[in-house]
Amino acid sequence: MSKLITNSSGLVSKLLHSSKMPAFTLYGARGSTNTDRVRLTLAEGGFTDYELVLLNLQKGEQKVGEPFFLEFDAPYPHVGKLKIADVATPSPRKT
Amino acid sequence: MKRHPWGKIPVITFPEGFTLYESRAICKYLARKYSFPLLPRDSDVKAAALFDQAQSAEMLYFAEPAGRIAFEKFAKRFMGLPPDDAVVSDALRSVEMFFDVAERLLQHKDYMAGKDFTLTDIYYIPLIQRLFACGYGDIILSRKAVSAWWDRCINRPSIQKMLAMDKEAAAAARK
């Protein structure tokens, strides 16, 4: 069964220690059309083994924490961990 | 920010650390990972291309203006800001034009990417619901083929069930 967590503090790790670890955690917000796109996909697939954490966007909970490191889809694998800020900054145009 | 570099939602995280953001990428990944029958078979190259085409049309020609309407007429209400009517009327014109074309296309196919219900159809549902909530449901209902497509989408049992549960939850939250 999917488990719903509404969490105003933004700290969810302690809640993940329930008896069985869900397959994944979906972070979203109530009334968010983008979140509902994912929820509808899961509903249509009949998949319920996930945890839904609803963040409070008005409190800016989705912006809490340090920027994360891309470990899985770094465009230059030999660089290893790549900070997203490095990717987002346009490089000077070569002439 | 820990999970999404632009600090947005949704995001999914897996226990082993894999993190993914952007709703359509998440939907596609989940459908592939768990074999939901919502994507064309990989071996059917043409069907896969038609899916990509339908997905781009949804994202660029529909979700962009529909999202502007939702922001002006829905989100701004919660921020205590008035809607920008010029933005709304411009976006409404774009959405109307989009569905004029969709009306013609849907006379030859049941769903946006072809004969089968796919993720692309799901992608439309939340923003169309938002259009209804903002009083613009007529954009859908006034077009016969679009309206029939919409009925086919929202009458699917699992979707109907989720929408009904959300409606109940919203009503309970208002009490």
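As shown above, the structure is provided for reference.
These figures come from a predicted structure and were not determined experimentally.

A. How the structure looks around the overall build of chain B. Each helix and strand in chain B was counted, giving seven helices and two strands. Beginning at the N terminus, the succession of helices and strands in chain B can be written as β-β-α-α-α-α-α-α-α. For chain B, the C-alpha radius of gyration of 17 Å lies close to 16 Å, the compact-globule estimate for 175 residues. Seen along its three principal axes, the alpha-carbon backbone of chain B occupies a region of about 50 × 45 × 30 Å. By the burial criterion, 30% of the 175 residues in chain B qualify as buried. In chain B, of all internal contacts separated by at least 6 residues, the share reaching a separation of at least 24 is 53%.

B. Quick peek at the interface of chain A and chain B. Counting from both sides, the interface comprises 34 residues of chain A and, opposite them, 36 residues of chain B. Elements with a contribution of two residues or more to the side of chain A that touches chain B: β2 (24-28), α1 (33-44) and α2 (84-88) of chain A. Tallying contributions element by element places α1(A) first for the side of chain A that touches chain B, with twelve residues.

C. Structural view of the packing of α1(A) against helix α4 (residues 119-133) of chain B. Taken N-terminus to C-terminus, the directions of α1(A) and α4(B) make an angle of 135°; their axes are 9 Å apart at the nearest point. With respect to α4(B), the axis of α1(A) lies oblique. In this structure, α1(A) crosses over α4(B), and the sense of that crossing is right-handed. Of the residues in α4(B), those in contact with A:Thr33, A:Asp36, A:Arg37, A:Leu40, A:Thr41 and A:Glu44 of α1(A) are B:Leu119, B:Ile122, B:Tyr123, B:Ile125, B:Pro126, B:Leu127 and B:Arg130. Taken together, the residues of the contact of α1(A) with α4(B) break down into seven nonpolar, two polar and four charged.

D. Just the environment of B:Val87, in detail. Residue position: B:Val87 is located in helix α3 (residues 85-105). Separated by 15 residues in sequence, B:Val87 and B:Glu72 place their C-alpha atoms 7.7 Å apart.

E. Examining α1(A) more closely. The end-to-end C-alpha separation of α1(A) is 16 Å, in line with the 16 Å expected for twelve residues at 1.5 Å each. Counted residue by residue, α1(A) has twelve buried out of twelve residues, so it is predominantly covered. Buried residues of α1(A): A:Thr33, A:Asn34, A:Thr35, A:Asp36, A:Arg37, A:Val38, A:Arg39, A:Leu40, A:Thr41, A:Leu42, A:Ala43 and A:Glu44, and no others. Those residues of α1(A) hidden inside the fold are in contact with β2 and β3 (50-54) of chain A together with α1 (23-33), α2 (45-79), α4 and α7 (157-174) of chain B. Count one or two residues on from α1(A) and you reach A:Gly46, which has phi positive near 70°.

F. Structural detail: the environment of B:Leu106. Take B:Leu106: it is sitting in the loop between α3 and α4. Setting aside its immediate chain neighbours within four residues, B:Leu106 contacts B:Ala145, B:Val146 and B:Trp149.

G. Representation of the pairing of β2(A) within the structure. Residues and elements named next belong to chain A. Among the five residues of β2, five are classified as buried, and the element is accordingly described as predominantly covered. By the alternation rule, side chains of β2 split into Phe24, Leu26 and Gly28 and Thr25 and Tyr27, which are all buried. Two strands pair when backbone bridges link them, and β2 and β3 are joined in this way by five bridges, in the parallel orientation. Residue Leu26 lies in a different strand from β3, and its bridge partner there is Leu52.

Reading guide: rules and limits
Residues numbered from 1 in each chain as written. Chains lettered and ligands numbered in written order. Predicted model: local features only at pLDDT ≥ 70, side-chain atom pairs only at ≥ 80, totals over all residues. Helix = DSSP H or I, 4+ residues; strand = E, 2+ residues; numbered from the N terminus. Rg over C-alpha atoms; globule rule 2.2 N^0.38 Å. Buried ≥ 20, exposed ≤ 12 C-beta atoms within 10 Å, placed from the backbone. Contact = placed C-beta atoms within 7 Å. Axes fitted to C-alpha atoms, helices over the stretch in contact; angles between N-to-C directions. Parallel < 35°, antiparallel > 145°, perpendicular 65-115°, else oblique. Left-handed = near helix turned anticlockwise from the far one by under 90°. Nonpolar A, V, L, I, M, F, W, Y, C, P; charged D, E, K, R; others polar. Expected span 1.5 Å × (residues − 1). Pairing = 2+ DSSP bridges.

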